[in-house]
Structure formats: C-alpha cells, structure tokens
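# Observations on chain architecture
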Amino acid sequence: VVTVEKFDKESVTIKLADKAKKSIDLKITGTSNFSLFAPQVRSGKTVITQRMAEATDLIKGQSIAVLYAEVDKEYVLLNAVMKHVEKAVEKPVEEE
C-alpha cells in the first residue's frame, strides 16, 4: 500500500511506505487499470463492491495498492486499487 503524492492523465507519483519515504513516478498507459472498492450493506451483511475507475478518481494523500513493472528503466502502472472516498466539494462563499 502506497500514498498518492500527485497525479495527472499521464502519470501518478506515489510515496512508498518504507523508512526512506521514497517516491516513484508511474507512467499511466492505455492498459493501466484502476479499480474502486467500497463496502455496502446487503441483506444485513457488509460486502465489498468493486467497479472500474479512472485516474481522475484518485485523491492526493489517498492510500492505494499498486502493481507496476519496470520497462526500459521506466515504471509502468499495471493496476491500482483504491477505496471509495468522498471528494470534498468546495462551497461558494456567499457575499453579505
């Protein structure tokens, strides 16, 4: 499990959970997969649901699980799995 430092449509920078707090840039390709999971209560039992997601579903500081490969001295993101987190919505400031 790693932490998202920053991201855009072409890459995601993650911070490893080791003592050195090393960061790695992962290239996002057309075959990179993102999954979002969330608990739901069904028939009184909590179950985990999963759906496909996109890089835009990432949130800075979010913990995610990743699977990546090194290709030609570049790290390529294969899969990222993230827990559903409600994004904060800024409310407009009302003038008095």
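Here the residue numbers are simple positions, counted from 1 along each chain's written sequence. Reporting in this predicted model follows two pLDDT cut-offs: at least 70 for local features of residues, and 80 or more for side-chain atom pairs to be given and counted; totals over whole chains, interfaces and linings ignore these cut-offs and use all residues. Only hydrogens and water are removed before side-chain values are computed, so all heavy atoms of the structure are retained for them.

## Brief notes about the side chain of S32
- Secondary structure elements are taken from DSSP: a helix is a run of H or I of four residues or more, a strand is a run of E of two residues or more, and numbering for both begins at the N terminus. Position of S32 among the secondary structure elements: in the loop between β3 (23–27) and β4 (33–42).
- Overall, S32 belongs to the buried group, its relative accessible area being 11%.
- Of note is the side chain of S32, whose polar atom sits 2.9 Å from the backbone nitrogen of T29.
- Here a polar contact means two N or O atoms within 3.5 Å. Within protein one must be a hydrogen donor candidate and the other an acceptor candidate, and residues neighboring in sequence count only if both atoms are side-chain atoms. Here L77 takes part through its backbone oxygen, which lies 2.6 Å from a polar atom of the side chain of S32.
- With residues near it in sequence (within four places) discarded, S32 still touches K27, L77 and L78. Exposure classes here rest on a 1.4 Å probe applied to the protein chains alone. A residue is buried below 20% of its type maximum, exposed above 50%, and partly exposed in between. Residue contacts are defined here by distance: any two heavy atoms, one from each residue, within 4.5 Å place the two residues in contact.

## Some thoughts on the environment of A80
- With respect to the secondary-structure elements, A80 resides in strand β7 (residues 74–83).
- Residue A80 is classed as buried on the basis of its relative accessible area of 2%.
- Along the chain, A80 and I64 lie 16 residues apart, while their C-alpha atoms are 6.6 Å from each other.

## Things to note about the packing of aromatic side chains
- Any Phe, Tyr or Trp ring, taking Trp's six-membered ring, that has another such ring centre within 6.5 Å forms a pair; planes under 30 degrees apart are called stacked, those over 60 apart edge-to-face, and the others tilted. For the structure shown, the criterion picks out one aromatic pair.
- Relative to Y75, the ring of Y68 lies with its centre 5.5 Å away and its plane at 90 degrees, an arrangement referred to as edge-to-face.
- Owing to a relative accessible area of 28%, Y75 belongs among the partly exposed residues under this scheme.

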